[in-house]
Amino acid sequence: MMREWHRRWPLAALTGLLVLWGTRATADNDAIEARMRKDITFLASDQCEGRGPGTKGIDLAAEHIAAAFAKAGLKPGGKEGSYYQPFTVPGGAELKQPNVLRLVGPLGQEIELRHGVDFQVMGFSGSKTVSAPLVFVGYGVNAPRVKYEDFKMLDVAGKVVVLIRRVPRWNSKELPFDKEKKDQHAGLLTKQALAEANKAAAVLLVNDASDLPGGDKLMPFSYIPGSSAIPALHVRRSVIDPILQSSLGMDLRDIERAIDRDLQPRATILAGWTANIQTSVVRKTIAVKNVIGVLEGAGPLAKETVMIGSHYDHLGYGGPGSLNKKPNVKEIHHGADDNASGTTSVIELARRFGAMPNRQGRRLVFMTFSAEEMGLLGSRHYCNKEPIFPLADTVAMVNLDMVGRLRADPKTEKDKLIVEGTGTAKSFNKLIDELNNGTDFQLTKKAGGTGPSDHDSFYRKKVPVFFFFTGMHPDYHRPSDTSDKINVPGMRRVADLAEKVVANLATVKERPEYVEVKGSFTPGPGKIPRIGIIPNYEEDKEGVLVGGVADGGPAAKAGMKAGDVIVEVAGKSVANLNTYMVLMGQQQRGQPLEIGVLRDGKKMTLKVIPQ
Ligand SMILES: [Zn+2]
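The structure displayed is predicted, hence computed values, not measured ones.

Colleague: Can you tell me about the packing of aromatic side chains, naming the residues and giving the values?
Modeller: Two numbers describe a pair of aromatic rings. These are the distance of the centres and the angle of the planes. Inspection of every chain in the model, using the stated rule, returns eight aromatic pairs. On the basis of an interplanar angle of 20 degrees and a centroid distance of 6.2 Å, the ring pair of Phe-466 and Phe-468 is categorised as stacked. An aromatic cluster of at least three residues, connected via ring pairs, comprises Phe-369, Tyr-382 and Phe-458. Directly above the ring of Tyr-317 sits Lys-330, whose terminal nitrogen or CZ lies 5.4 Å from the centroid.

Below is the structure:
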């Protein structure tokens, strides 16, 4: 795939680099490893609290990085002469007043309910005032595989839907409800997304019978985070029972038994009943910051930029990204490998390049990102909203994420290093092979430049990327990812190779030529049928923006293109990635389905066969 590549080292770079990585003495390596060990030990210490956005610990980490950049001779690259680029990320919700639920019956009877006693606003609720007819949608489950589809029974658009928690036959071992997807159907956010996709005005959730022995308790507001546009209220069964009784002649228990028996949905309108709802939920934000230090270039290439990056945030005390075996226990997730290791390496590279006198070539921007674990938010912010150095003049981005666990392949006894992005510029594949000469890693190369770390944000802006990674391990996203498990000499050797790469990128005369690597489509092992798109995680848009289409995949065959916005799946509206995943989860592999997309503002329908 790569073309023949020729390179001449500029003399200045050559002499400087020979000293650094040609003939560096062991004593020097010891000293370097000692300072790297110091950095990673601090960044992964209890004091830094797992570097969760919003903690004091992550700010201590940011201060540590900024101080190291300053000491290395980097100038501040952030706002107002600082090393920081501040931005905000979603930070949960706060419940305000008032929160009202008033039910009005067919005879004009009014039932005013008490917040915190009869009902409770749920943490993912939207903030809205709604007055709409009440309908009952059973469990609020769509499970076509087992031919149980509550939402198919009636049009809930503009209605307040009452639905039961979990799924039919929840505790039945003999006759489990759709046993493969039971938990997925039972998810509260799944139900909320389905209600939203069917254009419901609000959701009233009641506990299923399995909660009765516990006293039909209401979930606290903070129980499930998330964010929905429509109100979501948890309501006691005693509120809904008389309404069902008067409308249908059955109470909840009767209906649950009936559904359990024949697995037939019992969705129905509740004639004459209206709900008046007001919810007051304020979505909070957390202030975070990227840390940026700059070494200006010199000579004819000085106006171009090479970015060297890593994320310095981690999971803090746990939360959605955690794989802790005790999911509800708050424990510091130290994130030594993920990604104090990459951050330590970026600091180390800053020191080395900062120490080169009269360095010639491109500007080097050293940047540690925040909120990567929340969905690459720091690098997204930089690339999509506030690129301090023009991306058009950014010739490459080198990302280090999880480089602290270098291990040997037991067969070859060679240390294994994963390098991604080798196909993102014409020269990269050959370049990395050449530079690996002497370092002698066993490279696992991947051509593509997309993936679950910050280089992805740059590659989507057509910046060629390199991504260094020493591989997965059982401590990944667990509190046990600690600094004592880091292979510090290995991390230093990865930094040595990254240094050679950066030195080349900083000085190579012709800027690397961007290549669009076509993804190849492989049906996933997951349970959700796939159509071969890469969604673009833009939060503030309705629908799902298609960032890329895998070659030969179902979406490509149907004519879908990058830039399309998916707004409908099988006739249901797609509010966001969550509703998209829920709706796709209900499709069958091999069954054609219609997907509505917006292209240049025009709606069109594509027939896709998911795999
Ligand atoms: Zn991570």
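Next, the rest of the story.
Colleague: Give a description of the coordination of the zinc ion that names residues and reports values.
Modeller: Taken together, Asp-338 (OD), Glu-373 (OE), Glu-373 (OE) and His-477 (NE2) make up the full set of protein donors to the zinc ion, lying 1.9 to 2.5 Å away. Mapping the donors of the zinc ion onto the primary sequence yields the spacing D-x34-E-x103-H. With Asp-338 in helix H8 (residues 336-354) and Glu-373 in the loop between strand S15 (363-369) and helix H9 (377-385), the pair connects residues that are 35 residues apart, well separated along the chain. The class of Asp-338 is buried, set by a relative accessible area of 2%.

Colleague: Help me get a handle on the pairing of strand S25 (residues 593-599), residues and values and all.
Modeller: Within S25, five of the seven residues are buried, leaving the element largely enclosed by the surrounding structure. Where strand S23 (residues 565-569) and S25 come together, four bridges link them in antiparallel fashion. Within S25, the residue paired with Glu-568 across the bridge is Gly-596. Direction of pairing for S25 relative to strand S26 (residues 602-608): antiparallel, over a ladder of seven bridges. Pairing of Arg-599 across the sheet is with Lys-602, part of S26. The loop that links S25 with its antiparallel partner S26 comprises two residues; one of these, Asp-600, has a positive phi angle of about 50 degrees.

Colleague: So what about the packing of helix H6 (residues 237-248) against helix H7 (residues 252-262)? Which residues, and what values?
Modeller: Packed helices, taken two at a time, are described by the angle their axes make and the gap between the axes. Two numbers describe how H6 lies on H7: the axes approach to 8 Å, and their chain directions differ by 75 degrees. In terms of their interaxial angle, H6 and H7 are classed as roughly perpendicular. For the pair H6 and H7, contact is made by Arg-237, Ile-240, Asp-241, Leu-244 and Leu-248 and by Leu-252, Arg-253, Ile-255 and Glu-256, respectively. Residue composition of the contact of H6 with H7, grouped by class: five nonpolar, no polar and four charged.

Colleague: Describe the pattern of salt bridges, and please don't skip the residues or the numbers.
Modeller: This model, assessed by the stated rule, comprises 40 salt bridges. Residues Asp-393 and Lys-303 are paired through a salt bridge, measuring 3.7 Å at the closest nitrogen-oxygen approach. Note that Asp-393 is positioned in the loop between H9 and strand S16 (394-400) and Lys-303 in the loop between strand S13 (281-295) and strand S14 (305-311), a separation of 90 residues in sequence. Between Glu-304 and Arg-362 there is a salt bridge, with its nearest N and O atoms 2.7 Å apart. In this pair, Glu-304 sits in the loop between S13 and S14 while Arg-362 sits in the loop between H8 and S15, placing the two residues 58 residues apart along the sequence.

Colleague: Tell me what's going on with the nonpolar core, and back it up with residues and numbers.
Modeller: Within the largest apolar cluster, 60 residues are counted, with the highest numbers of intra-cluster contacts made by Phe-69, Phe-366, Phe-466 and Phe-468. The element best represented in this core is helix H12 (residues 488-507), accounting for 11 residues.

Colleague: If you had to explain the sheet that holds strand S10 (residues 202-206) to someone new, which residues and values would you point to?
Modeller: Taken in spatial order, the eight strands line up as S4-S3-S12-S6-S9-S10-S11-S5 in an open sheet, and their pairing is mixed. Looking at the sheet topology across the chains shown, the edges are occupied by strand S4 (110-113) and strand S5 (119-121). In this sheet, neighbouring strand axes are inclined to one another by 30 degrees on average, regardless of whether the strands run parallel or antiparallel. Bridge analysis of strand S6 (residues 129-136) against strand S9 (residues 160-164) gives three bridges, and the strand direction is parallel. From the neighbouring strand, Leu-134 faces S9, where its bridge partner is Val-160.

Colleague: Can you explain the packing of H8 against H12? Please cite residues and give values.
Modeller: With their axes 10 Å apart at the nearest point, H8 and H12 run at an angle of 50 degrees to one another. By the angle class used here, H8 and H12 are oblique. Our pair here, H8 against H12, has a crossing hand that is right-handed. Seen from H8, the contacting residues are Ser-341, Thr-344, Ser-345, Leu-349, Arg-352 and Phe-353; seen from H12, they are Met-491, Arg-492, Ala-495, Asp-496, Ala-498, Glu-499, Val-502 and Ala-503. Residue composition of the contact of H8 with H12, by class: seven nonpolar, three polar and four charged.

Colleague: Tell me about the environment of Gln-611, and please be specific about residues and values.
Modeller: Secondary-structure assignment places Gln-611 in the segment after S26. Relative accessible area serves as the criterion here: at 34%, Gln-611 is assigned to the partly exposed category. On a C-alpha basis, the gap between Gln-611 and Asn-339 in space is 35 Å, while along the polypeptide they are 272 residues apart.

Colleague: Break down H9 for me, with residues and values.
Modeller: Counted residue by residue, H9 has seven buried out of nine residues, so it is predominantly covered. Looking only at H9, the buried set comprises Leu-377, Gly-378, Ser-379, Arg-380, His-381, Tyr-382 and Cys-383. Where H9 is buried, its residues touch strand S2 (84-95), S13, S14, S15 and helix H11 (455-459).

Thresholds, definitions, all that
- Residues numbered from 1 in each chain as written.
- Predicted model: local features only at pLDDT ≥ 70, side-chain atom pairs only at ≥ 80, totals over all residues.
- Heavy atoms only, no water.
- Phe/Tyr/Trp six-rings, centres within 6.5 Å; stacked < 30°, edge-to-face > 60°.
- Lys NZ or Arg CZ within 6 Å of the ring centre and 35° of its normal.
- Donors = N, O, S within 2.8 Å, 3.2 Å for Na, K, Ca; no water.
- Helix = DSSP H or I, 4+ residues; strand = E, 2+ residues; numbered from the N terminus.
- Buried < 20%, exposed > 50% of the residue type's maximum accessible area, 1.4 Å probe, protein only.
- Pairing = 2+ DSSP bridges.
- Axes fitted to C-alpha atoms, helices over the stretch in contact; angles between N-to-C directions.
- Parallel < 35°, antiparallel > 145°, perpendicular 65-115°, else oblique.
- Contact = heavy atoms within 4.5 Å.
- Nonpolar A, V, L, I, M, F, W, Y, C, P; charged D, E, K, R; others polar.
- Salt bridge = Lys/Arg side-chain N within 4 Å of Asp/Glu carboxyl O.
- Core = buried A, V, L, I, M, F, W, Y, C linked by side-chain atoms within 4.5 Å.
- Left-handed = near helix turned anticlockwise from the far one by under 90°.

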